[in-house]
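Residues per chain, in single letters:
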Amino acid sequence: MEEYAKHEIGYIKRYEAIGYTTNFLFQKDGLVDTETKYKYQPDELFIVAQHRYEGMSNPEDMSILYVIETADAVKGTYLLGYGPTADLEAAEFFNEIPEENCSDKAALE
């Protein structure tokens, strides 16, 4: 397994290199494009890949990297902690993305 697969930053850099450059921030009831300040709702988002991580030194240190495309063709990533320290509101928001909007079409190996 290559080094980039061990840490989130490796995948983030690889996705940035192929155009997934937008930074998203979760705010109450929406995922915000930090540049345009547009707040996306779950039905406007497409998860095109996701990668889960578990901390090497602490198994409770877990996260998931979402690779996102929006209905208006914005591409970016969002890193969400999960497990005992998860942001429950953000996790619930991502669970509201319609199942048909989730695939692995942009997944990197």
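The rules behind each value
- The residue numbering used here restarts from 1 in each chain and proceeds along that chain's sequence as written.
- Only residues with pLDDT of 70 or above have their local features reported here, since the model is predicted, and side-chain atom pairs are shown and tallied only from 80 upward, although totals for entire chains, interfaces and linings are computed over all residues.
- To obtain the side-chain values, all non-hydrogen atoms of the structure were used and water was disregarded.
- Grid spacing is 1 Å over the protein atoms alone, the probe is 1.4 Å, and a cavity is where that probe fits but cannot get out, while a pocket is an open set with protein on both sides within 12 Å along at least five of seven lines and lining residues have an atom within 4 Å of a point.
- Grid points are joined across faces, edges and corners, and a volume is the space filled by probe spheres set on the points.
- Segments assigned H or I by DSSP are reported as helices when at least four residues long, segments assigned E as strands when at least two residues long, and all are numbered from the N terminus.
- Residue classes follow a fixed rule: Ala, Val, Leu, Ile, Met, Phe, Trp, Tyr, Cys and Pro count as nonpolar, while Asp, Glu, Lys and Arg count as charged, and any other residue, Gly among them, counts as polar.
- Definition of nonpolar core: a set of buried residues of the types Ala, Val, Leu, Ile, Met, Phe, Trp, Tyr and Cys, connected through side-chain atoms within 4.5 Å.
- Exposure classes here rest on a 1.4 Å probe applied to the protein chains alone. A residue is buried below 20% of its type maximum, exposed above 50%, and partly exposed in between.
- By the convention used here, residues are in contact when the closest approach between their heavy atoms is within 4.5 Å.
- Counted as a polar contact is a pair of N or O atoms within 3.5 Å, where, for protein atoms, one must be capable of donating a hydrogen and the other of accepting one, and residues adjacent in sequence contribute only when both atoms are in side chains.

Asker: Which residues make up the layout of surface pockets, and what values do they have?
Answerer: What the largest pocket holds in volume is close to 210 Å³. In this structure, the largest pocket is lined by Ile 47, Gln 50, Arg 52, Ile 64, Tyr 66, Leu 80, Tyr 82, Ala 91, Phe 94, Asn 95, Ile 97 and Cys 102. Put simply, the parts of the chain that give the lining of the largest pocket at least two residues each are strand E4 (45–54), strand E5 (62–70), strand E6 (75–82) and helix H2 (88–95). Taken together, the residues of the lining of the largest pocket sort by class into nine nonpolar, two polar and one charged.

Asker: So what about the nonpolar core? Which residues, and what values?
Answerer: Soluble globular proteins tend to bury their nonpolar side chains together. Within the largest apolar cluster, 16 residues are counted, with the highest numbers of intra-cluster contacts made by Leu 31, Tyr 66, Ile 68, Tyr 78 and Phe 94. Mapped by element, the contributors of at least two residues to this core are strand E1 (22–27), E4, E5, E6 and H2. With near-sequence residues (within four places) excluded, Tyr 66 lies in contact with Ile 47, Ala 49, Gln 50, Gly 76, Thr 77, Tyr 78, Leu 80 and Phe 94. The next biggest cluster of nonpolar side chains, apart from the first, holds 11 residues, and it includes Val 48, Leu 65, Val 67 and Leu 108.

Asker: How would you explain the environment of Tyr 15 if you had to name every residue and give the values?
Answerer: As for its position among the elements, Tyr 15 is in helix H1 (residues 8–17). Judged by relative accessible area, which is 0%, Tyr 15 ranks as buried. The spacing of Tyr 15 and Gly 76 is 61 residues in sequence and 8.0 Å in space, taken between C-alpha atoms. Contacts of Tyr 15, omitting those with residues within four sequence positions, involve Tyr 20, Ala 49, His 51, Val 67, Thr 77, Ala 106, Ala 107 and Leu 108. A polar contact is formed between the side chain of Tyr 15 and the side chain of His 51, at a distance of 2.8 Å.

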